[in-house]
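# Observations on chain architecture
Listed here are the chains, written in short residue letters.
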2 protein chains.
Amino acid sequence: MRKPTPTPKPATLHDVARVAGVSLITASRALSNPGVVSEGTIERVRDAVMKTGYTPNLLAGSLKSKRSMTVAGLVPVISVPQFLPTIRALTETLDAQGYQLILGQTGYANSREEKLLSTMISRRPDGVVITGLVGSQTSRDQLKRLGIPVVEMWDLSAHPLDMIVGFSHLKVGSAIGGFFLNKGWRRVGVATGDDHRAMTRREGFCAVIGREVPTAIVPAPSNLEMGRRAMAQLLAQDPKLEAVYCSSDEFALGAIIEAQARGLRVPGDIAICGFGDADFAAHLMPSLTTVQVDGAAIGRRAAQLIIDRCAGRAVKEPIIDVGFRIVERDSTGASAARRK
Amino acid sequence: MRKPTPTPKPATLHDVARVAGVSLITASRALSNPGVVSEGTIERVRDAVMKTGYTPNLLAGSLKSKRSMTVAGLVPVISVPQFLPTIRALTETLDAQGYQLILGQTGYANSREEKLLSTMISRRPDGVVITGLVGSQTSRDQLKRLGIPVVEMWDLSAHPLDMIVGFSHLKVGSAIGGFFLNKGWRRVGVATGDDHRAMTRREGFCAVIGREVPTAIVPAPSNLEMGRRAMAQLLAQDPKLEAVYCSSDEFALGAIIEAQARGLRVPGDIAICGFGDADFAAHLMPSLTTVQVDGAAIGRRAAQLIIDRCAGRAVKEPIIDVGFRIVERDSTGASAARRK
DNA sequence: CTGTTAGCGCATTCAC
DNA sequence: GTGAATGCGCTAACAG
């Protein structure tokens, strides 16, 4: 049985000031702006802080100063490996400037995005970073009204809500399609999550191929197990598929395993391309051809945009394309060695 | 070039009350405690909220009510897959009760833990969830003084700071050691991260084996690449090693790859055991023997403890052992087929 | 360099 | 059911 209602009243700045024998505001300054306070005073205030066990109340400070030193960050799901480097870079870049990232999960459903955004905004962040384009008009209006910097990321648009850091999913799709065509593959398929960005990549892919292709769609986020099922589905549609593009590396790994389990050689009988360049991609057997995106750079740049604008600096380039590149490995390799 | 200083003054509850033609407090109640306000009034207030584009300021509300509806969560590094299920379960369980998880990364360094904790506490969370045991006395004192519920997790202790949810790393180590002994392996090694919990597992392992064993230590968090290097190091110490325990599954995968790259068969020439039961563990070639821990359960239970205590309910069981189990797969399999 | 005054936006406490 | 006053803990603005 543990303490159900502990009530040790925490010290306030008032207590510190009293103990230090200075006024409230001097104590405040000694802690947050030591430059304008004399050495001796700072010393006495620091002592008082120790004695009283004072911990500042940022809720109160933020209320008055109108700067919370927090940035709201929205991601679909935190456990999707794809966004981890971005989240990490965001956290660290912001932290270096004293900002705290407040993470929220929208869960690939726009309804939740709207609600979550409202909750986040209630805590008065100094900036907002959001995965994908802000969909709902309500949310867009709300963000604009707030007048705080907003960065959309992991996508691109000529007319962002405010600022944007990402790359073109349409171009990624076209690039993969072009890559497949170059290899001479015509019987191609797509296994994809159903989120907007992945669907846009599929669109670019089909545009280049020149027609709708066999497609297996799963609810995002896709994973290894779904990859196995999706591959089974695709092979049912066309047993002689030459190549498949999968919307994530985990998904692609599942596809490879399923293909191998059916006695197909990868890439001998069927080639596979993923997306994301996960840690493990280079180390699989066969190593996985995939699309590399610098997620950490997205996070860093997004954080920097927020920081700059919070510091009152005008941002010259509010639309940043970090690009992407296809990393060709064994899972699409050695076309000479392929097929019956 | 974008707006450097936008200043659309956001609506306050005061504005809402004025537009609705009611008093401030009535507007407040209509929004946060509709039960005690008449239907018509609620209607008018809701209308006024729309018209004004009002978003509540939780900073102000929390300052007065002394409940921020936030919970601080500290993890070593967010991008370590091991903790993702825990983080996710925490987020979702708390969210269901209206709480927001504020995540912070301590980075496996206690110095940062202390500083981060102070920052977090400044935002007056209603509870704190922290990975591992709180090390520094300063931090322990600070947390106790605050009088808010604290859950330590991913470890166990007879004397937690407040509450704890986890399992015994010493027992995990012993269990793996016992498992190896049972298989008849005596020339065994350990590849481990240098964090406290991993080192404790190693300790338990050595205790059962009965001596210090060849060990490769890498700075946490361990990853695939380090696994390759660690395995190389271990084989240099003892080329005839029969089995290796690795402190994470990513680490173990690296070890397997390095072994295979050197022409060793796994488990034919050398057996490998990981820790964590990552998604991919079951799908590797060979599938990976590892230790399964229910990370999501840890998150759920921890969140529930916080929620209960915030609701004023006394917690009868402040020490929760979620246990673990060894999942035996091919990487330690078929001892009959082994070795020269 | 230091102090005084005045709120930030809201919820609690008491009245009606 | 509704309202008026009060202050949560701190900092911006202006004095000295």
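Residues numbered from 1 in each chain as written. Chains lettered and ligands numbered in written order. Predicted model: local features only at pLDDT ≥ 70, side-chain atom pairs only at ≥ 80, totals over all residues. Heavy atoms only, no water.

## As for the interface of chain B and chain A
- The interface is formed by 57 residues belonging to chain B together with 57 residues belonging to chain A.
- Taken together, both faces of the contact between chain B and chain A bury some 5500 Å²; the carbon and sulfur share is 56%.
- Taken together, chain B and chain A are joined by two salt bridges.
- Its salt-bridge partner being A:Asp95, residue B:Arg112 comes within 3.6 Å of it at the nearest N-O pair. (Contact = heavy atoms within 4.5 Å. Buried area = accessible area lost by both parts, 1.4 Å probe. Salt bridge = Lys/Arg side-chain N within 4 Å of Asp/Glu carboxyl O.)

## Quick notes on the protein's contact with DNA strand C
- Close to DNA strand C lie 24 residues, the nearest being A:Thr26, A:Lys64, B:Leu13, B:Ser28 and B:Tyr54.
- When atoms of DNA strand C within 4 Å of the protein are sorted by moiety, sugar and phosphate together comprise 60%.
- Residue B:Ser28 places a side-chain N or O atom 2.6 Å away from a phosphate oxygen belonging to DNA strand C.
- Contact distances for DNA strand C include 2.5 Å between a phosphate oxygen and a side-chain N or O atom of B:Tyr54.
- Breaking the surface near DNA strand C down by element, the ones donating at least two residues are α2 (24-32) and α4 (58-65) of chain A together with α2 (24-32) and α4 (58-65) of chain B.
- Counting residues per element, the surface near DNA strand C draws most heavily on α4(B), at four residues.
- Taken together, the residues of the surface near DNA strand C break down into 11 nonpolar, nine polar and four charged. (Near = heavy atom within 4 Å. Polar contact = N/O pair within 3.5 Å; in protein donor to acceptor, adjacent residues only side chain to side chain. Helix = DSSP H or I, 4+ residues; strand = E, 2+ residues; numbered from the N terminus. Nonpolar A, V, L, I, M, F, W, Y, C, P; charged D, E, K, R; others polar.)

## Quick word on the side chain of A:Glu113
Residue and element names in this part refer to chain A.
- For Glu113, the position within the fold is in helix α6 (residues 110-122).
- The side chain of Glu113 sits in the buried core without any salt bridge; Arg197 is the nearest counter-charge, 7.4 Å away.
- In contact with Glu113, not counting residues within four places along its chain, are Leu74, Thr106, Ile130, Leu133, Val134 and Gly135. (Buried < 20%, exposed > 50% of the residue type's maximum accessible area, 1.4 Å probe, protein only. Lys, Arg positive; Asp, Glu negative; His and termini not counted.)

## Details of the relation of the copies chain B and chain A
- Overlaying chain B with chain A gives an RMSD of 0.1 Å, the required rotation being 180 degrees about an axis along which the chain moves by 0.1 Å. Considering both components of the superposition, the chain copies are consistent with a two-fold axis. (Least-squares fit on C-alpha atoms with pLDDT ≥ 70 in both.)

## Points about the sheet that holds strand β9 (residues 271-273) of chain B
All names here are of chain B.
- Spatially, the four strands line up as an open sheet ordered β7-β6-β8-β9, and their pairing is parallel. Both outer strands of the open sheet, β7 (215-218) and β9, are each paired with one neighbouring strand and no more. Ignoring strand direction, the axes of neighbouring strands in this sheet form an average angle of 15 degrees.
- Judged from the three bridges that link them, strand β8 (residues 243-246) and β9 form a sheet pairing that is parallel. (Pairing = 2+ DSSP bridges. Axes fitted to C-alpha atoms, helices over the stretch in contact; angles between N-to-C directions.)

## Let's talk about the packing of helix α5 (residues 84-96) of chain B against helix α12 (residues 295-310) of chain B
Residues and elements named next belong to chain B.
- In the contact formed by α5 and α12, the axes pass within 7 Å of each other and the chain directions differ by 35 degrees. Where α5 crosses over α12, the handedness of that crossing is right-handed. Contacts between α5 and α12 involve Pro85, Thr86, Ala89, Leu90, Thr93 and Leu94 on the former and, on the latter, Gly295, Ala296, Ile298, Gly299, Arg300, Ala302, Ala303, Gln304 and Ile307.
- Here the contact of α5 with α12 is composed, by residue class, of nine nonpolar, five polar and one charged. (Left-handed = near helix turned anticlockwise from the far one by under 90°.)

## Description of the pairing of β8(B)
- Burial along β8(B) is two-sided: the residues B:Ala243 and B:Tyr245 and B:Val244 and B:Cys246 are all buried.
- Handedness of the crossover joining β8(B) and β9(B) through helix α11 (residues 249-261) of chain B: right-handed. (Right-handed = clockwise from strand over helix to strand, strands pointing away.)

## Describing the UniProt feature "domain: HTH lacI-type" (unreviewed entry) in chain A
- In the numbering adopted here, UniProt assigns the feature "domain: HTH lacI-type" (unreviewed entry) to residues 11-65 of chain A.
- Strand forms 0% of residues 11-65 of chain A and helix 71%; the C-alpha atoms that close the span are 21 Å apart. (UniProt positions renumbered as here; feature names shortened; annotations may be inferred.)

## Concerning the packing of aromatic side chains
Residues and elements named next belong to chain A.
- Taken as a whole and assessed by the stated rule, the structure comprises 14 aromatic pairs over all chains.
- Measuring from centroid to centroid gives 6.2 Å for Phe179 and Phe180, while their planes differ by 45 degrees, and the two rings are tilted. The residues Phe179 and Phe180 share a single accessibility class, namely buried.
- What links up through ring pairs into an aromatic cluster is the set Phe179, Phe180, Trp185, Phe205 and Tyr245.
- Taking NZ or CZ as reference, Arg201 lies 3.7 Å from the ring centre of Phe275, over its face. (Phe/Tyr/Trp six-rings, centres within 6.5 Å; stacked < 30°, edge-to-face > 60°. Lys NZ or Arg CZ within 6 Å of the ring centre and 35° of its normal.)

## Details of the nonpolar core
- Residues A:Phe180, A:Phe205, B:Phe180 and B:Phe205 are the most contacted members of the largest nonpolar core, which totals 92 residues.
- Among the nonpolar cores identified, the runner-up in size contains 30 residues, and A:Leu143, A:Ile148, B:Leu74 and B:Leu146 belong to it. (Core = buried A, V, L, I, M, F, W, Y, C linked by side-chain atoms within 4.5 Å.)

## Quick word on the pairing of strand β5 (residues 163-166) of chain B
Residues and elements named next belong to chain B.
- Of the two faces of β5, the one lined by Met163 and Val165 and the one lined by Ile164 and Gly166 are each fully buried.
- Where strand β4 (residues 150-153) and β5 come together, three bridges link them in parallel fashion. Note that in β5 the partner of Met153 across the bridge is Val165.
- Sheet analysis places β5 next to strand β11 (residues 319-321), joined by three bridges and oriented parallel. By the bridge assignment, Ile164 is partnered in β11 with Ile319.

## Let's talk about the protein's contact with DNA strand D
- Around DNA strand D, the surrounding shell holds 24 residues, and the nearest of these are A:Leu13, A:Ser28, A:Tyr54, B:Thr26 and B:Lys64.
- Each atom of DNA strand D within 4 Å of the protein was assigned to sugar, phosphate or base; sugar and phosphate come to 63%.
- A:Ser28 is positioned with one of its side-chain polar atoms (N or O) 2.6 Å from a phosphate oxygen of DNA strand D.
- Within the side chain of B:Arg29, an N or O atom sits 2.7 Å from a base nitrogen of DNA strand D.
- Elements with a contribution of two residues or more to the surface near DNA strand D: α2 and α4 of chain A together with α2 and α4 of chain B.
- Residues that form the surface near DNA strand D fall into these classes: 11 nonpolar, nine polar and four charged.

## Re helix α11 (residues 249-261) of chain A
Residues and elements named next belong to chain A.
- The end-to-end C-alpha distance of α11 is 18 Å, a good match for the 18 Å that 13 residues give at a rise of 1.5 Å each.
- When you tally the buried positions in α11, you get 10 out of 13 residues, the bulk of the element.
- Those residues of α11 that fall on the buried side of the exposure criterion are Asp249, Phe251, Ala252, Leu253, Gly254, Ala255, Ile256, Ile257, Glu258 and Ala259.
- With a side-chain oxygen lying 3.1 Å from the backbone nitrogen of Phe251, the N-terminal cap of α11 falls on Ser248.
- Two residues or fewer past α11, Gly263 is found with a positive phi of approximately 85 degrees. (Expected span 1.5 Å × (residues − 1).)

## Thoughts on the domain arrangement of chain A
All names here are of chain A.
- Per the domain assignment, the segments making up chain A are domain 1 (69-168 + 295-323) and domain 2 (170-293 + 326-332).
- On the domain 2 side, the residues contacting the 15 residues of domain 1 number 12 residues.
- Counting each side, the surface lost to burial between domain 1 and domain 2 is near 1100 Å², with a carbon and sulfur contribution of 61%.
- On the domain 1 side of the interface with domain 2, the three residues burying the most area are Gln82, Tyr108 and Ser168, jointly 44% of the side's total.
- Our count for the domain 1 to domain 2 interface comes out at zero salt bridges.
- The interface formed by domain 1 and domain 2 holds four residue pairs in polar contact (both at pLDDT 80 or more) in total.
- Considered class by class, the residues forming the side of domain 1 that touches domain 2 number eight nonpolar, six polar and one charged. (Domains from an automatic or database assignment.)

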